[in-house]
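Listed below are the residues making up each chain.
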Amino acid sequence: MSSKVAIVGVGCTKVGEHWDKSLRQLFLEASLKALEEADVDRVDAIYVGNMASATINFQQHLGALMADVMGMRGVDAVRVEAADASGSAAVHQAYMAIKSGQAQTVLVGGVEKLTDARPADVEYAAMMSERSEYVVYSGITIAGLNAIQTQLYMDRFNARYEDIVNFAVNDHRNAAGNPYAQFPFPITVERVLESPPVADPIRLFDTTAPADGAAALVLCPLETAKKLCDTPVVIEASVLATDGVNPYERDDVLTLTSTRVAAERAYRTAGITPRDVDVVEVHNTSSIMGVLALEDLGFVEKGQGWRFVAEGQIALNADLPTNTLGGLKARGHPWGATGVYQLVELTWQLRGEAGGNQVDGAEIGLAQSVGGLGATTVVHILRRWH
Amino acid sequence: MSAPAVRREIPYRYRLMGTKCLNCGALFHPPQRICPKCGSKDLVEEELAWRGRLVAYTVIRRPPKGYEDYKPYIVGLIELKDGKLILAQIVDCDIEEVRPGLKLEATFRRIREDGKSGIIEYGYKFRPVIEWNWQKKPNPEK
Ligand SMILES: [Zn+2]
């Protein structure tokens, strides 16, 4: 059994509308970058994270398909699906493959291609993370579920929507410095509030937009990584936890229990506390999900997240730099790729390669990736290796 | 959507059948055979309460495929009288009039259609309870 797993190569495409690129081409572009960085031609296994290729792209069997695309016929390859946590769930599988000793070098790529579909089809595909016969059946959307959470949160904790949406504003500010971001420009709270309502009280500029994108990592045991590169980043913990799929059949609609469980296990495995974390990536399909994430990851008390965000404590130069390259709102949210983007970005931060968005002295990073409304959470803790 | 896929959900969609855990008392809709809260396998069928009150709501202005004709529509989180939370569309109520605390009752409605020749799905939506004063006889002259 390998002691530690390290990241030795990362790559991604720009998030956005890639009219001229297919699912395959996106995966290839991100993967080639990661393999070139790691200086590796062939791997023992490929894990592909993807949510919606069947419904949007009429394509399944992504393991074999991407192995073929990468010129690696014969390799062990499979697609991993956990709604919009598919990418991070794929990384979790790759981590376990190396930990078990079954594989030495692994390529993990998250890929999603949504802009070929009509918006109503994308909404429908997004809802496949929820209970099809009952929750989807009600006609609600992801933004709608986030809207109900937002309303309940405002009522219970006396928060205002204009405070909560500072999460989206922070994402946009950070995305302005990210050449791979879908929306690399700043916005204001006023701009969010003036944008059209999507699912009251949620406004368009507090939701994610359909996007294409792919991100990839090359993983190997730390002993190998030290020979391959000067700046390996170690995966100190990779934890996946689940919760009830119906958000309103959980103990508390405003607690992401899967996030709590995954985070507690991850902190214990990594031997750290939330205070040790220098840089964070969370899964904010709307601002409310970002606020709940900060609370359930243990960075701030339940009910205080909105204040923490409104006070600017998640800014690049503040206490807890969060979504430093734009997060789901502004880097973008190509579902099955998002969890891998988070880890690519944390790797840049921990290597000191985040350019104008660099968090000084970042040593430990945490990524929280969520499937649907929290039925799955994957937490990764990364550390710069000295 | 195939006919069997719709038919097998009829008890839950037309009659609000769920299950109740005899060990911890939790209610589930749709039914669970094993209680996800306490792990007990001791569950019985139970019809949910048809009345309740609105806890929170949203107005869907960008609907998913199959719901475009209804927009904008209200979807609410409803606490039934037996304590169960349920998510459903709120109908017979203007967007301007909907508010948390509103008393609601289940009503049988059309949910969606599968194109021009496919199945029409029915099920529960919720509407405001009309407070009826039974003492006051309707005026026959009106
Ligand atoms: Zn029970």
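Looking at the packing of aromatic side chains
Reasoning step 1: Tallying each qualifying case throughout the model produces eight aromatic pairs over all chains.
Reasoning step 2: On the basis of an interplanar angle of 35° and a centroid distance of 6.3 Å, the ring pair of B:Tyr67 and B:Tyr73 is categorised as tilted. Both residues of the pair, B:Tyr67 and B:Tyr73, count as buried.
Reasoning step 3: Positioned over the ring face of A:Tyr137 is B:Arg13, at 3.6 Å from the centre of the ring.

Thoughts on the pairing of strand β8 (residues 233-242) of chain A
All names here are of chain A.
Reasoning step 1: Across the 10 residues that make up β8, a large majority, eight, are buried.
Reasoning step 2: Two elements, strand β1 (residues 5-12) and β8, share three bridges in a ladder whose sense is antiparallel. The residue bridging Val5 from the neighbouring strand is Ile235, located in β8.
Reasoning step 3: With nine bridges joining them, β8 and strand β11 (residues 376-384) adopt antiparallel strand pairing. Bridge assignment links Ala237 to a residue of β11, and that residue is Ile381.

As for the side chain of A:His380
Reasoning step 1: When you line up the elements, A:His380 lands in strand β11.
Reasoning step 2: Residue A:His380 is classed as buried on the basis of its relative accessible area of 2%.

Some thoughts on the coordination of the zinc ion
All names here are of chain B.
Reasoning step 1: All of the protein donors around the zinc ion are Cys21 (SG), Cys24 (SG), Cys35 (SG) and Cys38 (SG); their distances to the metal are 2.3 Å.
Reasoning step 2: Each of the four donor atoms bound to the zinc ion contributes to angles spanning 103 to 118°, and the resulting shape is tetrahedral.
Reasoning step 3: Mapped onto the sequence, the residues coordinating the zinc ion show the spacing C-x2-C-x10-C-x2-C.

Conventions and cut-offs
- Residues numbered from 1 in each chain as written.
- Chains lettered and ligands numbered in written order.
- Predicted model: local features only at pLDDT ≥ 70, side-chain atom pairs only at ≥ 80, totals over all residues.
- Heavy atoms only, no water.
- Phe/Tyr/Trp six-rings, centres within 6.5 Å; stacked < 30°, edge-to-face > 60°.
- Buried < 20%, exposed > 50% of the residue type's maximum accessible area, 1.4 Å probe, protein only.
- Lys NZ or Arg CZ within 6 Å of the ring centre and 35° of its normal.
- Helix = DSSP H or I, 4+ residues; strand = E, 2+ residues; numbered from the N terminus.
- Pairing = 2+ DSSP bridges.
- Donors = N, O, S within 2.8 Å, 3.2 Å for Na, K, Ca; no water.
- Tetrahedral: all angles 85-135°; square planar, octahedral: opposite > 155°, others 65-115°.

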